[in-house]
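# Inside the fold
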Amino acid sequence: MTAQGAQRQVFIRTYGCQMNVYDSDRMADLLLRLGYALAPSPEQADLVVLNTCHIREHASEKVYSELGRLRDIKVERRSTGGDLTIAVAGCVAQAEGGEIAKRQPAVDILVGPQAYHRLPQLLAEAERRAAIRKAGKRLPGAGVLDTEFPVESKFDHLPAPHGVRAGSAFLSIQEGCDKFCTFCVVPYTRGAEYSRPVAPVLAEARQLVAAGAIEITLLGQNVNAYHGEADDGSAWSLARLIRALAEIDGLARLRYTTSHPRDVGDDLIAVHGEVPVLMPYLHLPVQSGSDRILEAMNRRHGRDLFRRLADRLREVRPDMALSSDFIVGFPGERDADFDDTMRLIEEVCLASAFSFKYSRRPGTPGWAMADQVPENVKAARLAAMQALLGRQAHNFNLSKVGETVPVLYAEAGRRPGQIVGKTPWLQSVYAEGLGRMVGQIVETRLVEGHANSLAGEIALQPERAREAAA
Ligand code: 5AD
Ligand code: SF4
């Protein structure tokens, strides 16, 4: 803990998706402005923020075990006259609200994903309560809670973004979801679909590039449903936004995630063929390859749409790499449905994918569905699916061996002299390189393909190599 009068320190732990990574960065921006510094661990912090994920049961449970550890730190601190402020942010805070403070009374602040711009006020309120507690008085209620979906947008109340890491930055352009897939908590935790207007998105992108970003990943739960309002009152699609962003000088790579098959319009497909800075990689969750299960999931598309989209994207961009999400063991899934999903994966061929056992989430329609699939069946299906997806990912990596490709190096590797980066198709590459190449795009020859990565050799022209070494 910091000494009296020293700068206060905050530790932020992020669970779950890239939207949470973005939100954590923005909370850090807010707290830095309040005079906090970033602490390397909870033990050194005065304030710990857990930015939580509610998507599967396992994700929520991890939060409670971490809260138990933080409670111990807090109790120890208080025994010596100090304190630790504990804030729970994100989707668990939104979904479970005051229940969290009941289950773990050490929690001081609960703040939902649309309300964290109010953290400064919530902290001030928590401080007031701490002062009352220290004075030995009783506190009304438990914790400080803000899980409203406020009418004002948090984006209008956040400071300019700070977070460009090694040339790469996230930019949140859309939030929430109105699709109500029957397994998913997102419409309840993140609220209704909302697109940020065009002007602040373009301004934030320019700021990020000025701050050193050469790659921007546009984020949204349903990012390709984007329909942001432009200054002239018209609504821009994601495709139109991408075309405008591609004009920014110095921006070398654009990505977007996560998309829904139903919102892949003709204009988005076209943009993949026409805008070189848009990377040839698309994460397009399909969840299942069985029309019967897709219907029960309320996906409102069939297996064929996914196949057609894959074909059309590869027509305009032959090297397009596709990735997806799958859920096995959704209620009512029979062997024949699972086989349909496996066939779809074989037909489309994926560069990477995430696959999960169905997790029953309170408050979603799937929770109450009859015909829940037994755990052992889910486990066997997941293992078979992951073996197939693993083979496809490995083959995809092998297919690039021998090519020289631009790699954006993101960090130092574990071995001395090693750097790690990403290809345009989002594969990880390990190479012997110079630390100063981190944050840069460097031509790299891919020499070995593994299950989850490739080995590369920096392939600079001799004069460029001399310059880089200088
Ligand atoms: N159980 C298992 N996986 C889920 N996902 C979302 N909700 C659930 C759930 N209840 C998966 C979906 C989604 C990804 C982010 O998480 O595949 O695309
Ligand atoms: Fe969840 Fe479906 Fe919305 Fe994706 S589209 S966030 S899976 S409800």
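Structure's up top.
This write-up is about the structure you can find in this document. (Residues numbered from 1 in each chain as written. Chains lettered and ligands numbered in written order. Predicted model: local features only at pLDDT ≥ 70, side-chain atom pairs only at ≥ 80, totals over all residues. Heavy atoms only, no water.)

## Quick notes on the overall build of the protein
To keep it simple, the criterion reads: Where helices and strands are cited, they refer to DSSP runs of H or I of at least four residues and of E of at least two residues respectively, numbered from the N terminus. Between the two quantities, the radius of gyration covers C-alpha atoms and the globule rule is 2.2 Å times the number of residues to the power 0.38. Burial here depends on accessible area, computed with a 1.4 Å probe over protein chains only, as a share of the maximum for the residue type. Under 20% is buried, over 50% is exposed, and the range in between is partly exposed. Positive residues here are Lys and Arg, negative ones are Asp and Glu, while His and the chain termini are left out of the count. The atom standing in for a charge is NZ when the residue is Lys, CZ when it is Arg, CG when it is Asp and CD when it is Glu.
Looking only at helices and strands, the protein features 14 helices and 21 strands. Here the C-alpha atoms of the protein give a radius of gyration of 24 Å, agreeing with the 23 Å that 2.2 N^0.38 yields for 470 residues. Here the C-alpha coordinates of the protein stretch approximately 70 × 65 × 50 Å along the principal axes. Taken over 470 residues, the protein has a buried fraction of 53%. Between the centroid of the 56 positive side chains of the protein and the centroid of its 58 negative side chains there is a distance of 5 Å.

## Quick notes on the sheet that holds strand 1 (residues 9-14)
For clarity, the cut-off: Here the rule is simple: two strands pair whenever DSSP picks up at least two bridges between them.
Here we have six strands laid out as an open sheet, ordered 2-1-3-4-5-6, and parallel in their pairing. This sheet does not close on itself; its edge strands, each paired only once, are strand 2 (37-38) and strand 6 (144-146). The pairing of strand 4 (residues 85-90) with strand 5 (residues 109-111) spans three bridges and is parallel. What sits directly across from A87, in strand 5, is I109.

## Some remarks on the site of ligand 1
Applied cut-off: The rule for a residue being near a molecule or strand is that one of its heavy atoms must lie within 4 Å of it. Each residue is assigned to one class: nonpolar for Ala, Val, Leu, Ile, Met, Phe, Trp, Tyr, Cys and Pro, charged for Asp, Glu, Lys and Arg, and polar for all the others, Gly among them.
Inspection of the region around ligand 1 gives I55, R56, F183, Q287, D325, I327, F356, K357, Y358, S359 and R361 as its neighbouring residues. Residue assignment for the shell around ligand 1 shows that the elements contributing at least two residues are strand 15 (321-328) and strand 16 (352-357). Residue composition of the shell around ligand 1, grouped by class: five nonpolar, two polar and four charged.

## Regarding the site of ligand 2
Surveying the vicinity of ligand 2 reveals the residues C177, K179, F180, C181, F183, C184, V186, P187, N222, H260 and R299. Residues that form the shell around ligand 2 fall into these classes: seven nonpolar, two polar and two charged.

## A few points about the sheet that holds strand 10 (residues 215-219)
Strand pairing in a sheet relies on backbone hydrogen bonds, with the paired strands running either antiparallel or parallel. Rules: Helix axes use the C-alpha atoms of the stretch in contact, all axes being lines fitted to C-alpha atoms, and the angles between their N-to-C directions lie in the range 0 to 180 degrees. Here, two residues are considered to be in contact whenever any of their heavy atoms come within 4.5 Å of each other.
One open sheet holds the three strands; their spatial order is 7-10-13, and the pairing between them is parallel. Two strands bound the open sheet, and with one partner strand each, they are strand 7 (168-172) and strand 13 (253-257). Neighbour-to-neighbour, the strand axes of the sheet open up by a mean angle of 20 degrees, direction not taken into account. Here strand 7 runs beside strand 10; their pairing, made up of five bridges, is parallel. Paired with S168 across the two strands is E215, which belongs to strand 10. Of the strands in this sheet, strand 7, strand 10 and strand 13 touch helix 1 (residues 18-33), which is tilted by about 95 degrees from strand 7.

## Comments concerning helix 1
Selection criterion: Expected span of a helix, by definition, is 1.5 Å for each gap between consecutive residues, and there is one gap fewer than residues.
With 16 residues, helix 1 should reach 22 Å at 1.5 Å per residue; the first-to-last C-alpha distance of 23 Å fits that figure. For helix 1, the buried fraction is high: 12 of the 16 residues fall into the buried class. Looking at helix 1, one finds that the buried residues are M19, N20, Y22, D23, S24, D25, R26, M27, A28, D29, L30 and L31. In the segment just after helix 1, G35 is the residue with positive phi, at about 100 degrees.

## As for the packing of helix 9 (residues 266-274) against helix 11 (residues 303-316)
Rules: Handedness of a crossing is defined here by the sense of rotation of the near helix relative to the far one, left-handed for an anticlockwise turn of less than a right angle and right-handed for a clockwise turn.
Put simply, helix 9 and helix 11 touch, their axes get as near as 7 Å, and they point 35 degrees apart. Crossing of helix 9 over helix 11 shows right-handed handedness. Only L309, R312, L313 and V316 of helix 11 make contact with helix 9, whose side of the interface consists of D266, I269, H272 and G273. Here the residues of the contact of helix 9 with helix 11 are counted per class, giving four nonpolar, two polar and two charged.

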